[in-house]
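Residue strings, one per chain:
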Amino acid sequence: EAQVTQNPRYLITVTGKKLTVTCSQNMNHEYMSWYRQDPGLGLRQIYYSMNVEVTDKGDVPEGYKVSRKEKRNFPLILESPSPNQTSLYFCASSLGLAGGRGTQYFGPGTRLTVL
Amino acid sequence: AQSVTQLGSHVSVSEGALVLLRCNYSSSVPPYLFWYVQYPNQGLQLLLKYTTGATLVKGINGFEAEFKKSETSFHLTKPSAHMSDAAEYFCAVRREYGNKLVFGAGTILRVKS
């Protein structure tokens, strides 16, 4: 089954404790992206990757890191989480540009709480 | 820069009634437009998209949307609401450069029996 998986689905942590949220897709998609969803703000892009070893900042990259060492995986790293990073996080992938082949497929989400 | 405005953070309709969720966009280039649906505790699922060609786009679950360039709108409609349509709906536009989507704030649809 074609899908995007994220782990963990729920995470409660404390300020400053490094964490990683994993994202994996089995569709051989080049493009992957991380979003955060906050009430009243919709989804905002954090980082994206056009292909292996190619990443770039989205709209709200501060406090986050990513890496793309393999095509299927795109982990999101919070080196020193803070309470304002409490949010619902989504990973997405697509084959190409959003308009044509690039329909983005979303993972189930990771609900992060930073105390 | 591209942006999306969804009018109404909450919409309530009776079962069987028309569903109309409003979306206006701004874009300096011909837009690629999307509607996504998010059911409780789930990720986003693509309902439909407009890229080029026919301005009336049909999607899944009986939804459709019409691209109106003169009004910069891409409203989502469904003739008859079903209880299973209760969810949050997001309108999005593709950014001018790169494969980025800009999302609206979302509209929560409530369907009353």
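None of the values given here were measured: they were computed from a predicted structure.

### Considering the state of the cysteines
Residues and elements named next belong to chain A.
- Summed over all chains, the structure comprises two disulfides over all chains.
- Covalently, Cys23 is tied to Cys91 through a disulfide, its sulfur atoms 1.8 Å apart. Taking the torsion about the sulfur-sulfur bond, which here is approximately -70°, the covalent link between Cys23 and Cys91 counts as left-handed. Of this pair, Cys23 sits in strand E3 (residues 19-25) while Cys91 sits in strand E9 (residues 87-94), and the two are 68 residues apart along the sequence.
- Residue Cys91 is classed as buried on the basis of its relative accessible area, which comes to 0%.

### Concerning the pattern of salt bridges
Residue and element names in this part refer to chain B.
- For the coordinates displayed, the defined rule picks out six salt bridges over all chains.
- Notably, a salt bridge pairs Glu64 with Lys58, separated by 2.8 Å at the nearest N-O pair.
- By relative accessible area, Glu64 is classed as partly exposed at 22%.
- Across the salt bridge formed by Asp85 and Lys78, the nearest N and O atoms sit 2.9 Å from each other.
- You can call Asp85 buried: its relative accessible area is 2%.
- For Lys78, a relative accessible area of 11% corresponds to the buried category.

### Considerations on a nonpolar patch on the surface
All names here are of chain A.
- A cluster of nonpolar side chains, namely Ile12, Val14 and Leu115, defines an oily patch on the protein surface of about 320 Å² accessible area.
- Mapped onto the secondary structure, Leu115 falls in the segment after strand E11 (110-114).
- In this structure Leu115 comes out as exposed when scored by relative accessible area, which is 59%.

### A few points about the sheet that holds strand E1 (residues 4-7) of chain A
- The sheet built from four strands is open, its strands ordered E1-E3-E8-E7 (chain A) with antiparallel pairing. Looking along the sheet, the strands with just one partner apiece sit at the ends: E1 and strand E7 (65-66) of chain A.

### Regarding the nonpolar core
- Trp35, Leu48, Leu76 and Tyr89 of chain B are the most contacted members of the largest nonpolar core, which totals 28 residues.
- Breaking this core down by element, the ones donating at least two residues are strand E2 (10-14), strand E3 (19-26), strand E4 (33-38), strand E5 (44-50), strand E7 (64-68), strand E8 (73-78), strand E9 (87-94) and strand E11 (107-112) of chain B.
- Residues within four places of Leu76 of chain B in sequence aside, it is in contact with Val19, Leu20, Leu21, Trp35, Leu47, Leu48, Phe63, Glu64, Ala65 and Tyr89 of chain B.
- Val4, Leu19, Trp34 and Val60 of chain A belong to the second largest nonpolar core, which has 19 residues in total.

Rules of the game
- Starting from 1, residues in each chain are numbered consecutively following that chain's sequence as written.
- Chain letters start at A and ligand numbers start at 1, both assigned in the order the entries are written.
- The predicted origin of the model limits local features to residues at a pLDDT of at least 70 and limits the giving and counting of side-chain atom pairs to 80 or more, whereas totals for whole chains, interfaces and linings rest on all residues.
- To obtain the side-chain values, all non-hydrogen atoms of the structure were used and water was disregarded.
- We call a pair of cysteine sulfur atoms a disulfide whenever their separation is within 2.5 Å.
- Each helix corresponds to a stretch of at least 4 residues labelled H or I by DSSP, and each strand to a stretch of at least 2 residues labelled E; elements are numbered beginning at the N terminus.
- Only protein chains enter the area calculation, which uses a 1.4 Å probe; residues under 20% of their type maximum are buried, those over 50% are exposed, and those in between are partly exposed.
- Salt bridges, as used here, are contacts in which a Lys or Arg side-chain nitrogen is within 4 Å of a carboxyl oxygen on Asp or Glu.
- Patch definition: residues above 30% relative accessible area lacking any salt bridge, with like charges linked at up to 9 Å and the nonpolar side chains Val, Leu, Ile, Met, Phe, Trp and Tyr linked at up to 5 Å.
- Residue-level accessible areas treat just the shown protein chains as cover; the underlying method is Shrake-Rupley with a 1.4 Å probe.
- We treat two strands as partners when DSSP finds at least two bridges between them.
- Residues belong to a common nonpolar core when they are buried Ala, Val, Leu, Ile, Met, Phe, Trp, Tyr or Cys residues joined through side-chain atoms within 4.5 Å.
- Throughout, a contact is declared for two residues whenever any of their heavy atoms are within 4.5 Å.

Remember that the coordinates give geometry; whether it matters functionally is a separate question.
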